[in-house]
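So the chains spell out like this:
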Amino acid sequence: THMHEENSLIKPKIVALFGNPVKHSLSPIMHNIAFDELKMNWFYFAFEVDKRKLEEAITGIKTMDFRGANITVPFKKQVCDFVDRLTNEAHFIGAVNTIINNEGELIGDNTDGFGFVRALIANKLNIENEKILLLGAGGAARAISYSLMKNYECDLTIANRTLLNAELLTQDLEEVTMKNIKSYPLNEVFRIISNFDIIINTLPVDPPPRIIDSLINNSNTCQIFIDIRYGKMLSKYFKALEEVDIKTMDGKTMLLYQGVLSFEKWTGVKPPIKTMKRALL
Ligand code: ATR
């Protein structure tokens, strides 16, 4: 198209990834393959940043006129202090995963939650009026719960090991959404597990075995079980759920759609999702 020809005549545009470590990140290949397919003169580079040099790296986005950046472990929280402005999402979550350089103004955004919602939509899952259970009350749970409650009328319960942390998150959510949200102790929630349509595990560990056992041994309404991690560790309990016809989804889909959303924010263009997905798999 005209825009792409024009792009190749002007100087290349650069998007950076800052983290430590970044070696194993799948984001560079996912974005570069999309730039390539759209014949855009854009490049995505990963930079391993020294913990004490984060502010300098962020300033470098302006100095070197990068179009933006992704921020990953361990800098997502700290980087909030070094951008010019936070979006509502990033402010609520208290973490930035995407920076957009808008003519010298650095906007700190977070696409994790809306990426998650996009992943649900892409998989044709109904969210409106559904009963949703979130396991965990950390950063990922904050991002996901915020985008769910902001976009849908759904009935959300947050279960957590430390009940107080679930209560603090539901309070914050109720304040910004004016909706009613429930909290529950993680070790008790198996008792009411058959009520939920969508269950999301944001814990760094497998969900409590009693939750899985209850789902397998009792009739339930669960249409999908989502774990935001990915890798071989999921296969055992995912397989058990699939055997009783509960669908499963892992964190790769979420990773894909947070990337899609970031791509759209930097470029204003819709990326080739299938190609990006292939790069991840
Ligand atoms: P993330 O940003 O990836 O969500 P986090 O902010 O460190 O990670 O949040 C970790 C979440 O996992 C918390 O909800 C934590 O529960 P507590 O609030 O009780 O700490 C939960 N978590 C971590 N390890 C856990 C474990 N072994 N069993 C159950 N819950 C665990």
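Residues numbered from 1 in each chain as written. Predicted model: local features only at pLDDT ≥ 70, side-chain atom pairs only at ≥ 80, totals over all residues.

1. Remarks on the overall build of the protein chain
Under the convention used in this document: Only DSSP runs of H or I covering at least 4 residues are called helices, and only runs of E covering at least 2 are called strands; the numbering of each starts at the N terminus. As defined in this context, the radius of gyration uses C-alpha atoms, and a globule is described by 2.2 Å times the residue total to the power 0.38. Think of it this way: build a C-beta for each residue from its backbone, and any pair within 7 Å is a contact.
Scanning the protein chain from N- to C-terminus turns up eleven helices and twelve strands. The C-alpha atoms of the protein chain give 20 Å as radius of gyration, which agrees with the globular expectation for 281 residues (19 Å, within 12%). Dimensions of the protein chain, computed from the C-alpha atoms along their principal axes, are close to 60 × 35 × 35 Å. Excluding contacts between residues fewer than 6 apart, the proportion of contacts in the protein chain whose partners are at least 24 apart in sequence is 65%.

2. Examining the nonpolar core
To be explicit about the condition: Each nonpolar core reported here comprises buried Ala, Val, Leu, Ile, Met, Phe, Trp, Tyr and Cys residues connected via C-beta atoms within 7 Å. Partly exposed residues are those whose C-beta has more than 12 but fewer than 20 other C-beta atoms within 10 Å; with 20 or more the residue is buried, with 12 or fewer it is exposed, and the C-beta atoms are placed from the backbone. Per the annotation, domain bounds derive from an automatic or database assignment of domains.
Counting residues in each nonpolar core, the largest one holds 75 residues, and the members touching the most others are Ile99, Leu133, Leu134, Ile144, Ile158 and Ala159. Among the elements that take part in this core, helix α10 (residues 251-267) stands out by supplying eight residues, more than any other. Of the domains in this structure, domain 1 (2-110 + 254-280) and domain 2 (114-249) are the two that each give at least three residues to this core. Not counting residues up to four positions away in its chain, the partners in contact with isoleucine 158 are Leu134, Ala137, Ala141, Ser145, Ala166, Leu169, Thr170, Ile181 and Ser183.

3. Quick word on the UniProt feature "domain: SDH C-terminal" (unreviewed entry) in the protein chain
Rules: UniProt positions are given in the numbering used here, feature names are shortened, and annotations may be inferred rather than shown by experiment.
UniProt's entry tags residues 253-281 with the feature "domain: SDH C-terminal" (unreviewed entry), counted in the numbering of this structure. Within residues 253-281, the helical portion is 79% and the strand portion 0%, while the C-alpha atoms at the span's ends are 10 Å from each other.

4. Some details on the sheet that holds strand β5 (residues 98-102)
Keep this limit in mind: Pairing between two strands is assigned when DSSP locates at least 2 bridges connecting them. The convention used is that axes are lines fitted to C-alpha atoms, helices contributing only their stretch in contact, and that angles between N-to-C directions extend from 0 to 180 degrees.
The strand order across the open sheet built from six strands is β2-β1-β3-β5-β6-β4, with neighbouring strands paired in mixed fashion. With partners counted over all chains shown, the strands left at the sheet margins are β2 (42-48) and β4 (85-86), one partner each. When strand β1 (residues 13-19) meets strand β3 (residues 68-71), the two strands line up parallel, connected through four bridges. Within β3, the position partnered with alanine 16 by the bridge is alanine 69. Across the sheet, helix α2 (residues 27-37) touches β1, β2 and β3, and the angle it forms with β2 is around 170 degrees.

5. As for the domain arrangement of the protein chain
Once the domains are mapped, the protein chain shows domain 1 (2-110 + 254-280) and domain 2 (114-249). At the junction of the two partners, domain 1 supplies ten residues and domain 2 supplies twelve residues. Looking at the side of domain 1 that touches domain 2, the element that brings in the most residues is α10, giving five residues.

6. Side note on the pairing of strand β6 (residues 105-109)
Note that β4 and β6 share two bridges and pair parallel. Note on β6: the bridge partner recorded for leucine 86 is glycine 108. Across five bridges, β5 lies against β6 in antiparallel orientation. Note that in β6 the partner of threonine 98 across the bridge is aspartate 109. A loop of two residues connects β5 with β6, the two strands running antiparallel in sequence, and glutamate 103 in this loop sits at a positive phi of about 50 degrees.

7. Quick notes on the environment of arginine 278
Mapped onto the fold, arginine 278 is located in helix α11 (residues 273-280). Distance in space between the C-alpha atoms of arginine 278 and aspartate 81 is 35 Å, their sequence separation being 197 residues.

8. Considering the site of the ligand
What counts is decided by this rule: The C-beta atom of each residue is placed using the backbone, and any residue whose C-beta lies within 6 Å of a molecule or strand is treated as near it. In this classification, Asp, Glu, Lys and Arg are treated as charged, Ala, Val, Leu, Ile, Met, Phe, Trp, Tyr, Cys and Pro as nonpolar, and every other residue, Gly included, as polar.
Gly138, Gly139, Ala140, Arg161 and Thr162 are the nearest of the 14 residues found near the ligand. Counting residues per element, the shell around the ligand draws most heavily on helix α6 (residues 139-151), at three residues. In terms of residue class, the shell around the ligand is built from six nonpolar, seven polar and one charged.

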